[in-house]
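# Overview (structure and organization)
What follows is each chain in one-letter form.
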Amino acid sequence: MGFTAGQAARLTGCSLSQLSSWEQIGLVVPPTDRMHGYSFQDLVAIRVVASLLDAGLSLARIRRAVHYLVESGEDVASLALVTDGDTVWACRDDGEILDALRHGQLALFLAVDRVTADLEAEIRAFDAERQEFVNGLRDNGTVADAT
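Below, the structure is looked at part by part. (Residues numbered from 1 in each chain as written. Predicted model: local features only at pLDDT ≥ 70, side-chain atom pairs only at ≥ 80, totals over all residues. Heavy atoms only, no water.)

## Observations regarding the environment of G37
Note on placement: G37 falls in the loop between α2 (16-24) and α3 (40-54). In this structure G37 comes out as buried when scored by relative accessible area, which is 11%. Each C-alpha atom of the pair G37 and G2 lies 4.7 Å from the other, and the pair is 35 residues apart in sequence. Those residues within four positions of G37 in sequence are excluded, and the remaining contacts are F3, P30, P31 and D42. (Helix = DSSP H or I, 4+ residues; strand = E, 2+ residues; numbered from the N terminus. Buried < 20%, exposed > 50% of the residue type's maximum accessible area, 1.4 Å probe, protein only. Contact = heavy atoms within 4.5 Å.)

Here it is in structure tokens:
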């Protein structure tokens, strides 16, 4: 199902002049067959562009980031994009993060909550093993009083 420019503008909150401008610079271009209009993927791309503009990124940087992601075969609709107003990171479901403005250079993603949970589980396992060892010593009469 395709959407007309008017429908795309309404659904994305962008103006017709924005859509026209972005089409002219090659940022979001509907299929050449105007009968089918903008696709759902195009609408997602339009919203992404609008969000990145709202976050303070320049149109040139957005164009570079989106172009790289599309050209590299990334499913842009399945990515979470993060920006600090200067850089755009594309976060995949598998936890991998790509710097979309540096040709996909991998960035470090560290989920501190996951590290904390893993460490807590390791400590619980360690304490249980230690307690089991001490109890074994007590049962054999080797330890008089373990604290």
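Once the structure has been displayed, the description carries forward.
## A closer look at the packing of helix α1 (residues 5-12) against α3
Close contact between α1 and α3 brings their axes to 10 Å; oriented N to C, the two are set at 50°. Classified by the angle between their axes, α1 and α3 sit oblique to one another. In terms of crossing hand, the pair formed by α1 and α3 is right-handed. From α1, A8, L11 and T12 reach across to α3, where they touch L43, I46 and R47. Along the lines of polarity and charge, the residues of the contact of α1 with α3 split into four nonpolar, one polar and one charged. (Axes fitted to C-alpha atoms, helices over the stretch in contact; angles between N-to-C directions. Parallel < 35°, antiparallel > 145°, perpendicular 65-115°, else oblique. Left-handed = near helix turned anticlockwise from the far one by under 90°. Nonpolar A, V, L, I, M, F, W, Y, C, P; charged D, E, K, R; others polar.)

## Here we look at the side chain of T12
Checked against the element boundaries, T12 lands in helix α1. In this structure T12 touches L43, I46 and R47, once residues within four positions along its chain are discounted.

## Re the pattern of salt bridges
In total, this model carries one salt bridge according to the counting rule given. Here R130 and D127 are joined by a salt bridge, their closest N and O atoms 3.1 Å apart. Here D127 and R130 lie together in helix α5 (residues 112-139), a separation of three residues that amounts to about one turn. Here D127 falls in the partly exposed class, since its relative accessible area comes to 32%. (Salt bridge = Lys/Arg side-chain N within 4 Å of Asp/Glu carboxyl O.)

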